[in-house]
Amino acid sequence: MTVLTPPLLAAMRGQPTPHTPVWIMRQAGRYLPEYRAIRAKTDFLTLTRTPELAAEVTLQPIRRFALDGAILFSDIMTPVEGMGVGVDFAPGPVIAQPIRTAADLARLHTLDPQRDVPYVLESIRIVRRELPAHVGLIGFAGAPFTLFCYLVSGKPSKEFGTARAFLQREPELSAQILDRLAESMTLYLRAQIDAGAQAVMLFDSWGGLLGRDDYARVALPPVRRILSALKDTGVPLIYFCNNSWTLLDFIADLPADVVGLDWRGTLSTARKHLRPDQAVQGNLDPAVLFAAPDVLAARVNALLDDAGPGRHVFNLGHGIWPETDPDAVARLVDLVHAHRPAR
Ligand code: 1CP
């Protein structure tokens, strides 16, 4: 029997697909009543540490919508906890003792995935057993600079001024922190792939806060190190950097197979800066899910026409908002699947 490649993975590899595949950043979450029902009984940390529950929440959006991809239910800060630094979620990550000295860094040991986060690997195994064969499972990690932002500031922030000032004041200690994170996230993603993740994504939510020079000197090298180390796995490697429209020449030079884009630019523009063999992933503004159905349809079709056929994975430009109507998501997925290239 021939087992067909899931469209998600085919598009990432530049192979033909029956339709443009679609998944949604933060697709398991508070906009779904079934997620809120589970969260009413269980706190977020317990959810991420209980494989049966994490797998159940991962599968919720797959049962409700015709999505082409599932993303493991976990958080970018989950492995950081495994590395020895306590994280609370309120709801964003809060670190009681941020990393700001060499002694702090000593508390952040290199991750041993089997020992430190066995529940993540077990969640992946359960999801792979339950997931329909045409749906691809995406594993993920935070990019080192984005993790550094939370570790140094100790809480969410719009500008991460504390972390960016630290980077300038303490360049050597910063490099050591980023190094430890790069090594650990490489081990973490490899363990996820071994457990059954079929593609992996690095989330660099805050990389775009940096100017070109600091991005190229500080944030980019650890990303390159992780992606290069994972090349031999053969699974598609996705890099998403929020606010990266002025950084695309650097990203074009990364060993990323897929580049995630936010909604601030068009995918045709992104393609001009990226390599022809790199697929694009994105990039509808999450706000457009609040538009009237005919407006949503026009926007989705225009985005797909602009992206052109092939090497495109449809997604939002950033995470879905908790206030979103799930029916709008159902319409979105159907629109993407029904679209045929303009001639
Ligand atoms: O239920 C709750 O109250 C917890 C809210 C929540 C959820 C549902 C958090 C805390 N994390 C998650 C899950 C999560 N986080 C997933 C898996 C679910 C899915 O996508 O379906 C993923 C991939 C993430 C990744 C993540 N966490 C990122 C990168 C993507 C992005 O949005 O830029 C970031 C920056 C985080 C940090 C984080 N964790 C939680 C929150 C609320 C935040 C954002 C904090 C901030 O605004 O700085």
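Bear in mind the structure is a predicted one, so any value in this text is a computation, not a measurement. (Residues numbered from 1 in each chain as written. Predicted model: local features only at pLDDT ≥ 70, side-chain atom pairs only at ≥ 80, totals over all residues. Heavy atoms only, no water.)

Draft legend 1. The nonpolar core, seen in detail. If you look at the biggest cluster of nonpolar residues, it comprises 128 residues, and the most contacted ones within it are Phe148, Tyr215, Tyr239 and Ile251. Tallying contributions element by element places helix H11 (residues 171-195) first for this core, with 11 residues. Excluding residues within four positions of it along the chain, Ile251 makes contact with Tyr215, Tyr239, Cys241, Ser244, Val259, Leu274 and Gln278. (Core = buried A, V, L, I, M, F, W, Y, C linked by side-chain atoms within 4.5 Å. Buried < 20%, exposed > 50% of the residue type's maximum accessible area, 1.4 Å probe, protein only. Helix = DSSP H or I, 4+ residues; strand = E, 2+ residues; numbered from the N terminus. Contact = heavy atoms within 4.5 Å.)

Draft legend 2. Fine view of the pairing of strand E5 (residues 199-204). Of all six residues that make up E5, six are buried, and the element is covered over most of its length. What you see with E5 is no split at all: Ala199, Met201 and Phe203 on one side and Val200, Leu202 and Asp204 on the other are buried throughout. One ladder, built from five bridges, connects strand E4 (residues 136-142) with E5; its direction is parallel. Directly across from Ala141, in E5, lies its bridge partner Leu202. In this sheet, strand E6 (residues 237-241) lies alongside E5 in parallel orientation, the contact comprising five bridges. The residue of E6 that forms the bridge with Val200 is Leu237. For the crossover that starts at E5, traverses helix H12 (residues 212-230) and ends in the parallel E6, the hand is right-handed. (Pairing = 2+ DSSP bridges. Right-handed = clockwise from strand over helix to strand, strands pointing away.)

Draft legend 3. Inspection of the environment of Lys272 at higher detail. Within the element layout of this structure, Lys272 appears in helix H14 (residues 267-273). Given the relative accessible area of 69%, Lys272 is considered exposed. C-alpha separation for the pair Lys272 and Ala252, spaced 20 residues apart in sequence, amounts to 9.9 Å.

Draft legend 4. Geometry of the side chain of Asp75. With respect to the helices and strands, the residue Asp75 is situated in the loop between strand E1 (69-71) and helix H5 (78-82). Buried within the structure, Asp75 lacks any salt-bridge partner; Arg26 is the closest side chain of opposite charge, at an N-O distance of 4.8 Å. Polar contacts involving the side chain of Asp75 include one to the main-chain amide nitrogen of Met77, which spans 3.0 Å. Contacts of Asp75, omitting those with residues within four sequence positions, involve Phe44, Phe89 and Phe140. (Lys, Arg positive; Asp, Glu negative; His and termini not counted. Salt bridge = Lys/Arg side-chain N within 4 Å of Asp/Glu carboxyl O. Polar contact = N/O pair within 3.5 Å; in protein donor to acceptor, adjacent residues only side chain to side chain.)

Draft legend 5. Examining helix H8 (residues 118-130) more closely. Helix length check: H8, at 13 residues, gives a terminal C-alpha distance of 19 Å against a target of 18 Å (1.5 Å per residue), a fit within 8%. Turning to H8, its buried residues number three or more, namely Tyr119, Val120, Leu121, Ser123, Ile124, Ile126 and Val127. Taken together, the buried residues of H8 touch helix H3 (44-49), helix H4 (51-64), H5, helix H7 (113-116), E4 and H11. (Expected span 1.5 Å × (residues − 1).)

Draft legend 6. How the structure looks around H12. The end-to-end C-alpha distance of H12 is 25 Å, a good match for the 27 Å that 19 residues give at a rise of 1.5 Å each. The sharpest bend along H12 reaches about 45° and sits at Leu220, with the proline Pro221 one to four residues further on. Every buried residue of H12 is accounted for by Asp214, Tyr215, Val218, Ala219, Leu220, Pro222, Val223, Ile226, Leu227 and Leu230. Elements that come into contact with the buried residues of H12 comprise helix H9 (144-153), helix H10 (161-169), H11, E5, E6 and helix H13 (248-252). (Bend = angle between axes of the 7 residues up to and from the residue.)

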